[in-house]
Amino acid sequence: MMPLLMANLGEEYTIKQINGREKDKTFLATLGFVIDGKISVVNAMSGNLIVNVKDSRVAISKELASKIMV
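Figured I'd write up the structure that's included with this text. Every value quoted in this text rests on a predicted model; they were computed, and no experiment measured them.

Points about the overall build of the protein
Tallying secondary structure elements over the protein gives 2 helices and 6 strands in all. Its helices and strands in sequence order give the protein the pattern β-β-α-β-β-β-α-β, from N to C terminus. Relative to the compact-globule value of 11 Å for 70 residues, the protein shows a C-alpha radius of gyration of 10 Å, a close match. For the protein, the spread of C-alpha atoms along the three principal axes comes to 30 × 25 × 25 Å. Taken across its 70 residues, the protein has 34% of its residues classed as buried. Contacts spanning at least 24 positions in sequence make up 53% of the contacts within the protein whose residues lie at least 6 apart. Summing over all exposed atoms, the protein offers an accessible surface of approximately 4200 Å²; the carbon and sulfur share of this is 52%.

In structure tokens form, the structure reads like this:
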């Protein structure tokens, strides 16, 4: 298991765990970041990521990306 920040571009991963405050977990869940969900990193800029999750592209900060374990 590793944080999403360390994921390779274009490779598909499965979300194994989401760490952090309940507020952050709820916010990520509303965007489609759920346990056993599929995710891939499209682009990384200054540590921030653009990811494909549930057939949508979402930009997340490096702080939030570090809480998502794949």
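Okay, back to it.
Examining the side chain of S40
Tracing the sequence through the fold places S40 in strand β3 (residues 38-45). Residues contacting S40, with those up to four places away along its chain left out, are E11, E12, I50, V51 and N52.

A few points about the sheet that holds strand β5 (residues 56-60)
In spatial order, the strands read β1-β3-β4-β5; together these 4 strands make up an open sheet with antiparallel pairing. With partners counted over all chains shown, the strands left at the sheet margins are β1 (12-14) and β5, one partner each. For this sheet the average axis-to-axis angle between neighbouring strands, irrespective of direction, equals 35°. Relative to β3, β1 is paired through 3 bridges, and the arrangement is antiparallel. Of the residues in β3, the one forming a bridge with E12 is S40.

So, how was this worked out
- Residues numbered from 1 in each chain as written.
- Predicted model: local features only at pLDDT ≥ 70, side-chain atom pairs only at ≥ 80, totals over all residues.
- Heavy atoms only, no water.
- Helix = DSSP H or I, 4+ residues; strand = E, 2+ residues; numbered from the N terminus.
- Rg over C-alpha atoms; globule rule 2.2 N^0.38 Å.
- Buried < 20%, exposed > 50% of the residue type's maximum accessible area, 1.4 Å probe, protein only.
- Contact = heavy atoms within 4.5 Å.
- Areas by Shrake-Rupley, 256 points an atom, 1.4 Å probe, with all protein chains shown as cover.
- Pairing = 2+ DSSP bridges.
- Axes fitted to C-alpha atoms, helices over the stretch in contact; angles between N-to-C directions.

Everything listed is a geometric property; what it means functionally is a separate question.
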